[in-house]
Amino acid sequence: MQQKLRLWNDWLSSHMFLVVLFALFMGFFLQLPASPVTRFLVIALFGYMTFITSLSISFTKFIEVLRQPWIPLWTLSLIHFITPLAAWLVGRLLYPDDFLIRIGYLICACIPVGVTSVIWTELSKGNTAISLVTVTLDTLLVPLLLPLYFKLILGQSLQINYTAMIVELLAMITLPSLLGMAVHDWTKGKAVHFAKHIGGFTSKIGFFGVILISAGLVAPEVHWSSGLLKTLLVTLFIVTAGYFLGYLGSFITKEQRYDTTIAMIYNVGLRNLSFGLVLALTYFPAAAALPITLGMLFQQPIAAIIPYIYKQQPPQKETSVSQASANR
């Protein structure tokens, strides 16, 4: 049975693009209503996925990254300084007369790093420790930065329940990751075996559920029309540019290792759009939520494509290094 689960887990890992598309399709077809139950389910599934991912990481590796946090801090500077400025400029350029659309793009750029960045980093064999540290530090920064952005750019303050936001982020990422690393060290690494069989398979089923629920919640907000095409294209550009910015940002690292680059791509490119949607609908008219809603259509499918685009690069680099060593 364990062998079958491992084969299924490996198959899902290599076909995540299809899994994401199928989950999105089902979600849009079902159109789930927003409720405390669905919100709790998403948080619980996120927490479980983070726990399973963290079973492959030791506290030693996590602390090693935390002691030299310049890569996570550089990643956070790209996320919270470059992308908000770029999103606002794009909004001013392409939507000079549509204030609410500009606000929607600004919210997309200011919200926290998506928790799924850790999951995608692990699936793509990236540096999960860097991703975890980045997301953990981001939970501390966002409550300070969000009010500042809206005060400086909009000239108004928003009363946001940051306590609830932090509790949810802690439940989805911080506590499960600490527990997973503790179990890893307690079992002396044997928990990795579970993570590659039952845990890996069930966490991907949970990931499918998260995408399905998110798509189901977003579906009622999308009203298809010919005028939506421009916003679709602009949103696709902004989402893609976020991933590309993470890739460009990785060039500052000395070796530009594959695992570090993948972590940066996902950390910069993936945002917590569910939180952004709630933020937009709570404090602004529904039109401000349109860019965020459309972002959900592109964010996960593009994340699923990235390993196929980038996977051929590390072997080539590693081979050239090996050949150089052999020649010596």
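Bear in mind that the values here come from a model prediction, so they are computed numbers and not experimental data.

Peer 1: Before we go on, may I ask you to explain the overall build of the chain in this structure?
Peer 2: If you tally the helices and strands in the chain, you get 16 helices and 0 strands. For the chain, the proportion of its 328 residues judged to be buried stands at 53%. A sequence separation of at least 24 residues applies to 84% of the contacts in the chain between residues at least 6 apart. If you sum the accessible surface of the chain, you get close to 15,800 Å²; carbon and sulfur atoms cover 69% of it.

Peer 1: Looking at this model, I keep getting lost on the packing of aromatic side chains. Mind explaining?
Peer 2: The description of an aromatic ring pair rests on the distance of the ring centres and on the angle between the ring planes. If you walk through the whole model with that rule in mind, you get 8 aromatic pairs. Measuring from ring centre to ring centre gives 6.1 Å for Trp120 and Tyr266, while their planes differ by 20°; the resulting arrangement is stacked. Placement of Trp120 in helix H7 (residues 116-123) and of Tyr266 in helix H13 (residues 258-269) is noted, with a sequence separation of 146 residues between them. Each member of the pair Trp120 and Tyr266 is classed as buried. Here a set of aromatic residues connected by ring pairs shows up, and it is made of Trp120, Phe207, Tyr243 and Tyr266.

Peer 1: What's the story with the side chain of Ser54 in this structure? I'm lost.
Peer 2: Inspection of the secondary structure assignment puts Ser54 in helix H3 (residues 36-54). If we skip the residues at most four places from it in the chain, Ser54 touches Leu132, Pro176, Ser177, Gly180, Met181 and His184.

Peer 1: I'm lost on the confidence of the model for the chain in this one. Help?
Peer 2: Caution applies to low-pLDDT regions: their predicted coordinates should not be interpreted in detail. Per-residue pLDDT for the chain averages 81, and the proportion of residues at 70 or more is 88%. Ranking the helices and strands of the chain by mean pLDDT puts H13 first, with 93, and helix H16 (residues 313-327) last, with 41. Low confidence marks residues 314-328, where pLDDT is under 50. Its contacts with residues over four positions away, or in another chain, come to 3 contacts.

Peer 1: What am I meant to see in the pattern of salt bridges here?
Peer 2: One side chain can pair with another of opposite charge once the charged atoms of both are near each other. Summed over the entire model, instances satisfying the criterion amount to 1 salt bridge. Among the salt bridges present, the one from Arg257 reaches Asp259, with a minimum N-O distance of 3.2 Å.

Peer 1: Any chance you could explain the packing of H7 against H13 here in plain terms?
Peer 2: The relative placement of two packed helices comes down to the angle between their axes together with the axis-to-axis distance. Relative to each other, H7 and H13 sit at 150°, their axes nearing to 9 Å. When the axis of H7 is compared with that of H13, the two are roughly antiparallel. H7 and H13 meet at a crossing whose hand is right-handed. Note on element contacts: H13 touches H7 through Ile262, Ala263, Tyr266 and Asn267, opposite Ser117, Trp120 and Thr121.

Peer 1: Explain the nonpolar core here, please?
Peer 2: Across soluble globular proteins, nonpolar side chains have a tendency to be buried as a group. By size, the foremost hydrophobic cluster in this structure holds 90 residues, and its most contacted members are Phe46, Ile107, Trp120, Phe207, Tyr243, Tyr266 and Ile292. In terms of residue count, helix H15 (residues 290-310) provides more of this core than any other element does, 11 residues in total. By size, the runner-up hydrophobic cluster in this structure holds 5 residues, among which are Phe51, Ile52, Leu55 and Ala191.

Peer 1: Just checking my understanding: could you explain the packing of helix H5 (residues 70-94) against helix H12 (residues 228-249) for this structure?
Peer 2: Here H5 crosses H12 at 155°, and the two axes come no closer than 11 Å. Judged by the angle between their axes, H5 and H12 are roughly antiparallel. For the pair H5 and H12, the crossing hand works out as right-handed. Contact residues: Trp74, Leu78, Ile82, Thr83, Val90 and Leu94 in H5; Lys230, Val234, Ile238, Leu245 and Gly249 in H12. Across the contact of H5 with H12, the residue classes tally to 8 nonpolar, 2 polar and 1 charged.

Peer 1: Which parts of the structure should I look at to understand H3?
Peer 2: Since one α-helical turn is 3.6 residues long, residues separated by three or four positions face the same way. Its 19 residues give H3 an end-to-end C-alpha distance of 27 Å, which sits within 8% of 27 Å, the value for a rise of 1.5 Å per residue. For H3, the full list of buried residues reads Thr38, Val42, Ile43, Leu45, Phe46, Gly47, Met49, Thr50, Phe51, Ile52, Thr53 and Ser54.

Peer 1: It is not clear to me how the side chain of His184 should be interpreted in this structure. Could you clarify?
Peer 2: As for its placement among the helices and strands, His184 is situated in helix H9 (residues 162-186). Owing to a relative accessible area of 13%, His184 belongs among the buried residues under this scheme. Residues within four places of His184 in sequence aside, it is in contact with Ser54, Leu55, Ser56, Ile57, Ser58, Gly189, Ala191 and Val192.

Peer 1: Where do I start with unusual backbone geometry in this structure?
Peer 2: Comment: phi is negative for the bulk of residues other than glycine, and the bulk of peptide bonds are trans. For Lys125, which is not glycine, the phi dihedral falls at a positive 65°. In this fold, Lys125 is placed in the loop between H7 and helix H8 (128-154). Classification of Lys125 by relative accessible area gives exposed; the value is 69%. Here Lys188, not a glycine, exhibits a phi torsion of approximately 55°, which is positive. As for its placement among the helices and strands, Lys188 is situated in the loop between H9 and helix H10 (191-196).

Criteria and thresholds
Residues numbered from 1 in each chain as written. Predicted model: local features only at pLDDT ≥ 70, side-chain atom pairs only at ≥ 80, totals over all residues. Heavy atoms only, no water. Helix = DSSP H or I, 4+ residues; strand = E, 2+ residues; numbered from the N terminus. Buried < 20%, exposed > 50% of the residue type's maximum accessible area, 1.4 Å probe, protein only. Contact = heavy atoms within 4.5 Å. Areas by Shrake-Rupley, 256 points an atom, 1.4 Å probe, with all protein chains shown as cover. Phe/Tyr/Trp six-rings, centres within 6.5 Å; stacked < 30°, edge-to-face > 60°. pLDDT = per-residue confidence, 0-100. Salt bridge = Lys/Arg side-chain N within 4 Å of Asp/Glu carboxyl O. Axes fitted to C-alpha atoms, helices over the stretch in contact; angles between N-to-C directions. Parallel < 35°, antiparallel > 145°, perpendicular 65-115°, else oblique. Left-handed = near helix turned anticlockwise from the far one by under 90°. Core = buried A, V, L, I, M, F, W, Y, C linked by side-chain atoms within 4.5 Å. Nonpolar A, V, L, I, M, F, W, Y, C, P; charged D, E, K, R; others polar. Expected span 1.5 Å × (residues − 1).

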